[in-house]
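Reading the structure
One-letter residues, chain by chain:
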Amino acid sequence: MGRFGSALRELRGAQKSAKGVSLYSRFVNRPAGRYLAAGSYALGLTPNQVTLVSAAFSFAAVAAVALAAPSWGLGIAVWAALAVGFAFDSADGQLARLRGGGSAAGEWLDHVVDAAKLTSLHACVLIAFHRFPEAYGTASDGWLLVPLGFQFAAVVTFFGGLLTEKLKPKPAPGSPAAAPSTLRAVALLPVDYGVFCLVFLLLGGGALFRWAYAGLGAVAALFLLAFLAKWFRELSAVRR
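Notes on the structure follow. On a predicted model such as this, the values are computed, not experimentally measured, just so you know.

Thresholds, definitions, all that
- Residues numbered from 1 in each chain as written.
- Predicted model: local features only at pLDDT ≥ 70, side-chain atom pairs only at ≥ 80, totals over all residues.
- Heavy atoms only, no water.
- Phe/Tyr/Trp six-rings, centres within 6.5 Å; stacked < 30°, edge-to-face > 60°.
- Helix = DSSP H or I, 4+ residues; strand = E, 2+ residues; numbered from the N terminus.
- Buried < 20%, exposed > 50% of the residue type's maximum accessible area, 1.4 Å probe, protein only.
- Lys NZ or Arg CZ within 6 Å of the ring centre and 35° of its normal.
- Core = buried A, V, L, I, M, F, W, Y, C linked by side-chain atoms within 4.5 Å.
- Contact = heavy atoms within 4.5 Å.
- Salt bridge = Lys/Arg side-chain N within 4 Å of Asp/Glu carboxyl O.
- Arc of directions from axis to C-beta.

1. Concerning the packing of aromatic side chains
Taken as a whole and judged by the stated rule, the model has 18 aromatic pairs. Pairing Phe 223 with Phe 227 gives two aromatic rings, centres 5.8 Å apart and planes at 50°, and the pair type is tilted. With Phe 223 and Phe 227 both in helix H10 (residues 207–236) and four residues apart, the pair spans about one turn of that helix. Given a relative accessible area of 13%, Phe 227 falls into the buried group. Through successive ring pairs, a cluster of aromatic residues spans Tyr 24, Phe 86, Phe 129, Tyr 136, Phe 150, Tyr 193, Phe 196, Phe 200, Phe 209 and Tyr 213. In this arrangement the basic side chain of Arg 3 is found over the ring face of Tyr 41, its NZ or CZ atom lying 4.6 Å from the centre. Geometry around Trp 143 places Arg 210 over its ring, the cationic atom sitting 4.5 Å from the centre.

2. Some words on the nonpolar core
Ranked by size, the top nonpolar core spans 33 residues in total, and within it Val 78, Leu 82, Tyr 193, Phe 196, Phe 200 and Phe 209 carry the most contacts. Those elements giving two or more residues to this core turn out to be helix H3 (47–67), helix H4 (72–98), helix H5 (104–131), helix H7 (145–167), helix H9 (193–197) and H10. At six residues, H5 tops the list of elements feeding residues into this core. Leu 82 has contacts with Ser 58, Ala 61, Leu 121, Tyr 193, Cys 197 and Phe 200, leaving out every residue within four places of it along the chain. Leu 8, Ala 38, Val 50 and Leu 95 belong to the second largest nonpolar core, which has ten residues in total.

3. Let's talk about the pattern of salt bridges
Scanning the entire structure with this criterion turns up five salt bridges. With a shortest N-O distance of 3.7 Å, Glu 234 and Lys 168 are connected by a salt bridge. Taken together, the residues Glu 234 in helix H10 and Lys 168 in the loop between H7 and helix H8 (182–187) connect sequence positions 66 residues apart. Glu 234 sits in the partly exposed class, given a relative accessible area of 26%. Here Lys 168 falls in the partly exposed class, since its relative accessible area comes to 26%. A network of salt bridges, in which partner residues are shared, links Asp 89, Asp 114 and Lys 117.

4. Some words on the environment of Ala 115
Inspection of the secondary structure assignment puts Ala 115 in helix H5. The spacing of Ala 115 and Ala 154 is 39 residues in sequence and 9.4 Å in space, taken between C-alpha atoms.

5. A word on helix H1 (residues 2–12)
Gly 5, Ala 7, Leu 8 and Leu 11 are the residues of H1 that are buried. On an axial view of H1, the arc spanned by its buried residues comes to 165°, and they lie on one face. Turned more than 90 degrees from where H1 packs its buried face, Gly 2 and Arg 9 sit exposed.

Just geometry here; none of it tells us what the structure is for.
This is the structure in structure tokens:
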């Protein structure tokens, strides 16, 4: 408990800013990742190994969505694996800070896994809609466009957000961090990955899952438009 306890205490005081983070990530995923990071530190794991653990949980869930017939039990298992994978995704960065900083290769690996996870998850929902049309009520080919549209919105949002952070000027050293907005944290809940994972609890509901998934996809598309306008406006003031 010595290494775990000391790591946990150090991590509590070394958290990233909560600015622009939803309530789920701030109060559920990051704290869970903190415990996983402390445990990984006590076990002697590296940040890259933790990233691969995150990938293993996430891609096991992704494969299950595509290959297994939908059921309530499957939904619980898929959600649990995705949620654990997301918590480990938070843990790798926290572990890197605990060990004195990460590497460019580690950051690259983390982003590649995130991009692959987003792309494959929606692709596997499309496969599930095609393989089990009776269960999901997706006999019409039009429903196959829903995961494609959701995938488009999720990937462009992910890439656009990363690129915006790279292009925006970094704050001056020692400048105070902006206070997180509770209203913004609540507003971001519909597009938080952890909240999105909850929809898979409805896999056994067939049409219920289909409509809930489509609803989140529509929200993701609307948020994408808002994000693109915001990011373009912010970057228009930056001179290179």
